Structure formats: structure tokens, C-alpha cells
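Observations on the three-dimensional arrangement
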Amino acid sequence: MSFDELTNSRFFAYRDGDLFAESISVRSLAEQYGTPLYVYSREAMLEVFDGYRRGLEGIPHLICYAIKANGNIALIKQLAERGAGADLTSGGELALAQKAGVPGERIVFSGVGKTRDEIEYALNAGILMLNVESEPELEAIDQIAGEMGKKAPVAIRVNPNIDAKTHPKISTGLREHKFGVPFEECAPLYERAAAMPNIEVRGMASHIGSSLADASPLLQALNRLLGLRDDLKSKGIEISYVDVGGGLGIRYQGESPLTSHEFASELKKRIEGAGVTLVIEPGRSIMGNAAVLVCRTVYVKKTSYRTFAVVDAAMNDLARPAIYGAHHNIVPVCAKEGTLQKIDVVGPICESSDVFGKDRELPELQSGDLLAICSAGAYGYAMASYYNGRVRPAEVLVEGSEARLIRLRETYDDLWRNQVLD
Ligand SMILES: *Cc1c(COP(=O)(O)O)cnc(C)c1O
């Protein structure tokens with residue numbers, strides 16, 4: 001397999017052996033901005049978003065980008081300008097959405113633990129709906145809205161008890177999971193909601209997991225939701241928005257998930273004519289293959305057992321391999337001729353899990369050589385930390401032959417910015 005295929009994006013491709021992001025050489029970006037460095041392709045991100053949009057053309061719909069996948073406001077702004085809304089998991093994400101220019105009427109708020117402050121903030125921001133995950137949360141929203149003299153628009157997050165058949169840590173739609181309200185308890189809860197003075201029942205929501213290869217689990221969930229919708233209609237409760245969540249996977253290592261266009265087309269086929277607005281909440285699929293994490297080899301450490309490339313990125317910059325055992329392809333930024341060797345690419349952090357890849361086929365490396373860790377755009381920077389006293393990396397957005405810094409590299413001052421000495 002050639003390195004070109006391993007980037008999982010045609011916007012990260014080789015020209016004469018040098019890796020380019022759109023029309024800029026990744027090496028030049030690393031030289032200008034330093035490493036480790038997240039490099040994003042605007043086209044890669046928008047191509048996926050536009051696929052969703054085209055797939056849903058002709059039916060009322062709203063694409064709420066799941067901010068938790070990547071909260072950079074410059075990226076969210078690009079999507080918002082194309083018509084995207086936002087799916088939130090916290091008040092902080094509402095602040096990011098507002099800062100990026102996402103209008104309130106395109107925002108939905110998910111999450112099992114919304115606090116009083118977050119609920120007040122969301123009601124003041126005039127968001128489309130709060131996706132309610134429990135009866136006590138519904139009661140709290142009713143009470144808070146009453147105190148504010150507002151009516152709170154809500155959806156109930158239905159747990160449809162459908163196995164997304166994905167990684168256990170990112171599967172959310174089974175009864176034993178903490179998410180949503182068990183299917184059979186939803187109708188009575190809707191009846192309670194409809195009778196509450198400060199609640200406006202507006203929608204129905206679900207989100208069953210991440211990294212799905214096709215639309216079938218979501219179609220199953222959609223069937224259950226539409227069945228419940230009919231049931232509620234007979235009880236005089238109108239649902240105008242049906243939110244099926246996010247979850248479409250991306251290619252990390254040779255998988256072939258549906259494209260966003262194919263995925264959206266299947267949803268459209270099922271919901272066409274149902275008389276509701278379809279809401280989707282994609283995160284990973286939009287951002288995942290829109291970035292690489294560029295790092296530099298610090299040392300090549302050869303022992304009698306293995307060869308390690310110790311790089312200047314680590315699990316604090318990209319945690320997925322350490323947390324989920326996730327696979328990310330790794331490619332050389334300058335693909336030299338010559339035979340490939342099996343190399344373990346590791347970070348410098350004092351944890352055995354700080355490994356980006358084992359036995360990776362790479363050209364012979366020397367200290368100073370640049371590598372790109374692929375498919376790093378979603379749940380990459382979003383999960384970055386200061387662990388081991390490491391500051392978080394910079395982010396650059398490429399648009400054609402232009403690049404701009406969309407997040408500064410942090411400095412040591414950031415390590416103690418909110419600490420109090422004496
Ligand atoms: C995480 C999450 C998403 C996004 O999931 P992806 O797999 O990244 O598309 C959407 N909705 C909710 C409620 C989520 O928690």
C-alpha cells in the first residue's frame with residue numbers, strides 16, 4: 001500500500017514524494033509553525049459537510065455539528081457559514097458555538113448532567129431544543145424556565161435499546177448505558193412534559209454511538225422514533241423535530257464506511273414525507289480525516305529487540321491510541337526511496353500507553369525526520385491535556401495554497417496560568 005492511500009484523504013496527498021495539505025507542503029508548515037502541529041484542510045471538512053447537505057436536499061433538515069469532536073472556533077465558523085448548527089454537551093460548548101457565530105435557533109443541547117447554570121444559559125441563548133435525558137432534568141428545566149418567565153423547548157432523548165455494534169466505549173444506545181430515557185418510559189414522560197407549564201415539547205432525539213459503518217442502526221432507531229411519534233400524535237402531542245444524533249464513522253485503517261452523502265440519502269429515504277424536520281449531529285465524520293498531527297522524530301532508538309522512533313508529539317496531544325487503543329495511520333512527510341522497516345512510533349510521556357503505532361512500515365528514519373499521524377481531526381485536539389507538563393500544540397488551517405494559524409502553540413506560562421502560588 002502506498003503512503004498516499006494511508007492518509008485517508010485526497011486533500012493530504014504526495015507530490016514528488018512530499019506530503020501536501022491541499023496545495024501547501026506539510027514540511028513548510030512544520031518549519032514555519034513548529035511541531036507538534038495539527039494541520040487541517042478546509043476542503044476536506046467542507047466536502048463531508050456538503051455531502052450531508054446534498055443528501056438531505058429537498059426535506060426539512062438541520063445539520064448540527066457535534067462540537068465535542070473539535071471545538072476550534074475557526075473551524076466551527078467555516079461550518080456555520082455553510083449553514084451548520086451545533087450539538088452541545090456543555091455550557092462551554094454553547095459559548096464556543098456563539099463565539100463562532102452559530103445562531104441559537106440552530107443549536108441543540110445534549111448531555112446527561114446539564115446544570116442549572118447551563119440550562120439558564122441555553123434558555124437565554126434561545127436554542128432550538130434541550131435534549132432531555134431524565135425525568136429530574138425535565139423537572140429542573142420546567143422550574144428554571146418558570147423562574148425566568150420562559151417556555152423551554154425540549155426533546156426527550158430516547159434510548160432505543162439498539163446495539164450500534166461499535167467500540168464499547170463509544171456505544172450509547174443500549175438500556176445499560178447512562179444515556180437517554182428507556183424507550184418504554186418515553187411516552188409517559190412526554191405526557192408529563194406536555195402537561196408542564198413551562199415546557200414546550202418540540203422534538204425527539206437519540207444518539208446511539210460512534211464510528212458506525214453504515215446507516216442501519218440509525219434507520220432502526222429512526223423507525224422506533226417515528227413509531228413513538230405516531231403514538232404521541234394520537235395522544236395529542238406534536239413532534240416537529242426528529243434528531244437521530246451523529247455517529248457515522250470514517251476510514252482509519254482500510255474501513256469503508258458510507259460517505260456522508262450516501263448516509264444522509266438513506267436517512268432521507270426513510271423520513272421523507274413524515275412531516276418532521278430531520279436533525280443530525282455528525283462530529284467525527286466531518287473532522288476526522290480533515291487533519292493530520294505532524295510531529296518530528298527526536299531520536300531513533302534501536303535496541304536488540306525493537307526500533308523506536310521517539311517523536312515530539314505524545315498522548316497529551318492525541319489521546320485516542322492510549323485511551324481506545326485506536327489505530328491511526330502514520331506516514332512520512334518526505335517519502336524517501338528505499339526499503340521499509342518496522343518501527344514503533346512512540347511519544348516521550350512516562351506511560352507505556354504513549355504509543356502511536358507499533359510495527360509501522362516506514363522508511364529508515366533519522367532524528368529530525370517529520371511524520372504525519374493521520375485521521376487526527378476528531379477527538380484529537382479536543383482531548384489534549386497538559387499531562388507531563390506538556391503544553392498543547394498549535395493548529396493551522398489550510399485553504400488552497402494559504403495557511404493560517406487558528407490556535408497558538410501554548411507556552412510554559414499556560415501551565416500555571418490558573419494556579420495560585422502562596
Ligand atoms: C458525541 C455525540 C455526537 C457526535 O458523534 P460522532 O460519532 O462524532 O458523529 C452527536 N450527538 C451526541 C449526543 C453525542 O454525544
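Residues numbered from 1 in each chain as written. Predicted model: local features only at pLDDT ≥ 70, side-chain atom pairs only at ≥ 80, totals over all residues. Heavy atoms only, no water.

1. Considerations on the overall build of the protein chain
Looking only at helices and strands, the protein chain has 13 helices and 21 strands in total. A globule of 422 residues ought to have a C-alpha radius of gyration of about 22 Å, and the protein chain, at 23 Å, matches this closely. With the C-alpha coordinates aligned to their principal axes, the bounding extent of the protein chain is approximately 70 × 60 × 40 Å. When the 422 residues of the protein chain are sorted by exposure, 56% land in the buried category. Excluding contacts between residues fewer than 6 apart, the proportion of contacts in the protein chain whose partners are at least 24 apart in sequence is 70%. Taken as a whole, the protein chain presents about 17800 Å² of accessible surface, with 48% of it coming from carbon and sulfur. Of the charged side chains in the protein chain, 46 are positive and 56 negative, and the gap between their average positions amounts to 1 Å. (Helix = DSSP H or I, 4+ residues; strand = E, 2+ residues; numbered from the N terminus. Rg over C-alpha atoms; globule rule 2.2 N^0.38 Å. Buried < 20%, exposed > 50% of the residue type's maximum accessible area, 1.4 Å probe, protein only. Contact = heavy atoms within 4.5 Å. Areas by Shrake-Rupley, 256 points an atom, 1.4 Å probe, with all protein chains shown as cover. Lys, Arg positive; Asp, Glu negative; His and termini not counted. Charge placed at Lys NZ, Arg CZ, Asp CG, Glu CD.)

2. Topic: the pairing of strand β19 (residues 370-373)
Alternating residues of β19 divide into Leu370 and Ala372 and Leu371 and Ile373, and every residue in both groups is buried. By the bridge criterion, four bridges tie strand β14 (residues 291-302) to β19 in an arrangement that is antiparallel. When the bridges of β19 are listed, Arg296 appears paired with Leu370. Here three bridges tie strand β16 (residues 330-332) to β19, and the two strands are oriented antiparallel to one another. Bridge pairing in β19 places Val331 opposite Ala372. (Pairing = 2+ DSSP bridges.)

3. A look at the site of the ligand
In the region of the ligand, 14 residues are neighbours, and Lys68, Ser210, Glu281, Arg284 and Tyr379 sit closest. Between Tyr379 and the ligand, the recorded distance is 2.6 Å, taken from a side-chain N or O atom to an oxygen atom. Residue composition of the shell around the ligand, grouped by class: three nonpolar, six polar and five charged. (Near = heavy atom within 4 Å. Polar contact = N/O pair within 3.5 Å; in protein donor to acceptor, adjacent residues only side chain to side chain. Nonpolar A, V, L, I, M, F, W, Y, C, P; charged D, E, K, R; others polar.)

4. Quick look at the packing of aromatic side chains
In the structure shown here, the tally under the stated rule is four aromatic pairs. Aromatic side chains Tyr38 and Tyr381 sit 6.0 Å apart centroid to centroid with 65° between the ring planes, which places their arrangement in the edge-to-face category. A residue pair is termed long-range when its members are at least 10 positions apart, and Tyr38 in strand β4 (residues 37-41) and Tyr381 in the loop between β19 and β20 (394-399) qualify at 343 residues. Since its relative accessible area comes to 0%, Tyr38 is described here as buried. What makes Tyr381 buried here is its relative accessible area of 4%. Site record: aromatic cluster; members linked through ring pairs are Tyr38, Tyr40 and Tyr381. One residue, Lys114, lies across the ring of Phe109, its end atom 5.6 Å from the ring centre. The aromatic ring of Phe183 is capped on one face by Arg224, whose charged end is 4.0 Å from the ring centroid. (Phe/Tyr/Trp six-rings, centres within 6.5 Å; stacked < 30°, edge-to-face > 60°. Lys NZ or Arg CZ within 6 Å of the ring centre and 35° of its normal.)

5. Some words on helix α10 (residues 260-271)
Relative to the 16 Å expected for 12 residues at 1.5 Å per residue, α10 spans 17 Å between its end C-alpha atoms, a close match to the ideal helical length. If you follow the buried residues of α10, they end up packed against α3 (42-55), α9 (216-234), β12 (241-243) and β13 (277-280). With its phi angle positive at about 85°, Gly273 sits one or two positions after the end of α10. (Expected span 1.5 Å × (residues − 1).)

6. Points about the pairing of β4
By the criterion of burial, β4 is predominantly enclosed, with five of the five residues buried. Side-chain alternation along β4 places Leu37, Val39 and Ser41 on one buried face and Tyr38 and Tyr40 on a second face that is also buried. The sheet contact formed by β4 and β14 spans four bridges and is antiparallel. Opposite Tyr38, over in β14, you have Leu293 as the bridge partner. Across five bridges, the pairing between β4 and β20 is parallel. Bridge assignment links Tyr38 to a residue of β20, and that residue is Glu395.

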